[in-house]
Every structure is written in C-alpha cells, then in structure tokens.
Amino acid sequence: MSLRFAEEILLLALDDASGKVHPLPEGSLGLAISGALIMELAFKGVLDSDDKTMQVISRQPTGDALLDDVLAKIPAESDLSIQRALNAVNANIDEWKTRLFDELKQGGILKQEEHRFLFVLKERRYPVIDDREEQEVKSRIRDVVLDHDAIPDPRDVVIICLMDACDLSNVVFTEQERIDHKERIQTIAKMDFVGQALSAAVAKIQQALLEVMAYSGM
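Residues numbered from 1 in each chain as written. Predicted model: local features only at pLDDT ≥ 70, side-chain atom pairs only at ≥ 80, totals over all residues. Heavy atoms only, no water.

## Quick look at the confidence of the model for the chain
Close inspection of predicted coordinates is inappropriate in any region flagged by low pLDDT.
Right, so step 1: Within the chain, residue pLDDT values average 83, and 81% of them lie at 70 or more.
Right, so step 2: The lowest-confidence element of the chain is strand β4 (residues 121-125), averaging 55 in pLDDT; the highest-confidence one is helix α3 (residues 65-73), averaging 96. (pLDDT = per-residue confidence, 0-100. Helix = DSSP H or I, 4+ residues; strand = E, 2+ residues; numbered from the N terminus.)

## Comments concerning the layout of surface pockets
Right, so step 1: Within this model, the largest pocket holds a volume of roughly 210 Å³.
Right, so step 2: In this structure, the largest pocket is lined by Asp164, Asp167, Ser169, Asn170, Glu175, Arg178, Ile179, Lys182, Ile185 and Gln186.
Right, so step 3: Elements that contribute at least two residues to the lining of the largest pocket include exactly α8 (175-180) and α9 (182-189).
Right, so step 4: Tallied by class, the residues present in the lining of the largest pocket amount to two nonpolar, three polar and five charged.
Right, so step 5: If you add up the space inside the second largest pocket, you get close to 160 Å³.
Right, so step 6: Taken together, 13 residues make up the lining of the second largest pocket; nearest its centre are Gly27, Ser28, Leu29, Gly30 and Lys97.
Right, so step 7: Contributions of two or more residues to the lining of the second largest pocket are made by α2 (28-43) and α5 (93-106). (1 Å grid on protein atoms, 1.4 Å probe; cavity = no way out; pocket = protein on both sides within 12 Å on 5 of 7 lines; lining within 4 Å. Points joined across faces, edges and corners; volume = space filled by probe spheres on them. Nonpolar A, V, L, I, M, F, W, Y, C, P; charged D, E, K, R; others polar.)

## Quick look at the packing of aromatic side chains
Right, so step 1: If you walk through the whole model with that rule in mind, you get one aromatic pair.
Right, so step 2: With 5.3 Å between their ring centres and 75 degrees between their planes, Phe5 and Phe43 make a pair best called edge-to-face. Of this pair, Phe5 sits in helix α1 (residues 5-13) while Phe43 sits in helix α2; the two residues are 38 residues apart in sequence, bridging distant segments of the chain.
Right, so step 3: When its relative accessible area of 0% is taken as the criterion, Phe5 is described as buried.
Right, so step 4: A cation over an aromatic ring shows up here: Arg155 above the ring of Phe43, its NZ or CZ 5.4 Å from the ring centre. (Phe/Tyr/Trp six-rings, centres within 6.5 Å; stacked < 30°, edge-to-face > 60°. Buried < 20%, exposed > 50% of the residue type's maximum accessible area, 1.4 Å probe, protein only. Lys NZ or Arg CZ within 6 Å of the ring centre and 35° of its normal.)

## Topic: unusual backbone geometry
Right, so step 1: Phi is positive for Asp167, close to 65 degrees, though the residue is something other than glycine.
Right, so step 2: By the element assignment, Asp167 lies in the loop between α7 (154-165) and α8.

Laid out in structure tokens, this is it:
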C-alpha cells in the first residue's frame, strides 16, 4: 500500500499497542495532517509556493478523491498565504482524519476498537495490525538524520518537517539521538516552506495555551 504523507504521520503519531495518539502539543497533529495533505497536492503539481504565499495551479482531478476534496477547500486567491491555506484545510480536519483512518483500516494496517470509560463514554482506538509501513517510514527518517552526509529525498524532507513541527521526534529517535542530531533535524525541517508555516502555527497555539493557563492561575 502506497501511503500519503498524512497517513505516514498518523502512523507515527499512534502508539502501536494501545492504538491511542501519543501526547502531542494541542492542535499540532491536525495541523500536521493538513500540512501533509497540502504537500501531497504540491507533489502532484497542482499547488506551488514560495516562502510566504501559495498558488493553486490547477483544479483538475488528481485521481485521488480525498486530495480532490482537500484541494476544493483551498481558496482561489492570487496572494494566498500558506497560513491561510493551512487554516482552510484544517477547518475540516475531523473529516480528513476519519477518511485517512478508514483507508488505513481497509489496507489492513490498522483495526478499530471501541473502549468504554466511566461506564458510558466511548473512546475509539486504532491498534496497528501490520507495522511494515510505519517501520519503513522510521527507517527512512533515521537514515537521513543520523547520516549527516546523506542528501534528503524531497519526500523525506516533508515527513521530517511534519514530525518536527508536531513533536514526534521522540517516537523515532532516542533522547540522546535527539540531543546529538537536533541541529540536523532542524536544518532539514527548514528546507520546506509549508513546514515552516506549520511550525509557526503550532508555536502560536502553544503560546495561546500558556497565556490562558497563566491568566486562569493554572
């Protein structure tokens, strides 16, 4: 099964045994998935961007129903900012997540379980059945980051950007590896314009949460 960026990020974000998402900064996974979908469209040649703006080059069907629906949400503006494009896609993040999980289930990679807690409320989990795709992603990332002479493939640059933005480095690297190769990770992450905008968006969310907690005395 050939995975999109968004599915690779979802697999990294899930704890294999419990099927629950690893603890992440508020809103970061949704933004990472939105950024991943945008980057997938860019790789298909229907979007282009520089360090500040994004442009829709074509609205012709891509052959991927999910990506076509994502593309339809991106505003048709000549001076569209990357941040605005991210926000437009992220507004429908629950739909994208559901569809991505469904495709991973259909591909035999995940299964879905319903767990009850407090005797009433339900919690949906997605334990991994087949971890070959996830291990392949981790292996690629590790090879590129740990070998400082390696030239990153453009698709690996995207995954590393997304991983860094939503704080998933700890599921790929040991604590010592993160310390030793922090600069390498950040250097690769800065190679992608969407990744930079994504990092800025996550930072804003984190700052807003800190301000709320400080105001409330938490």
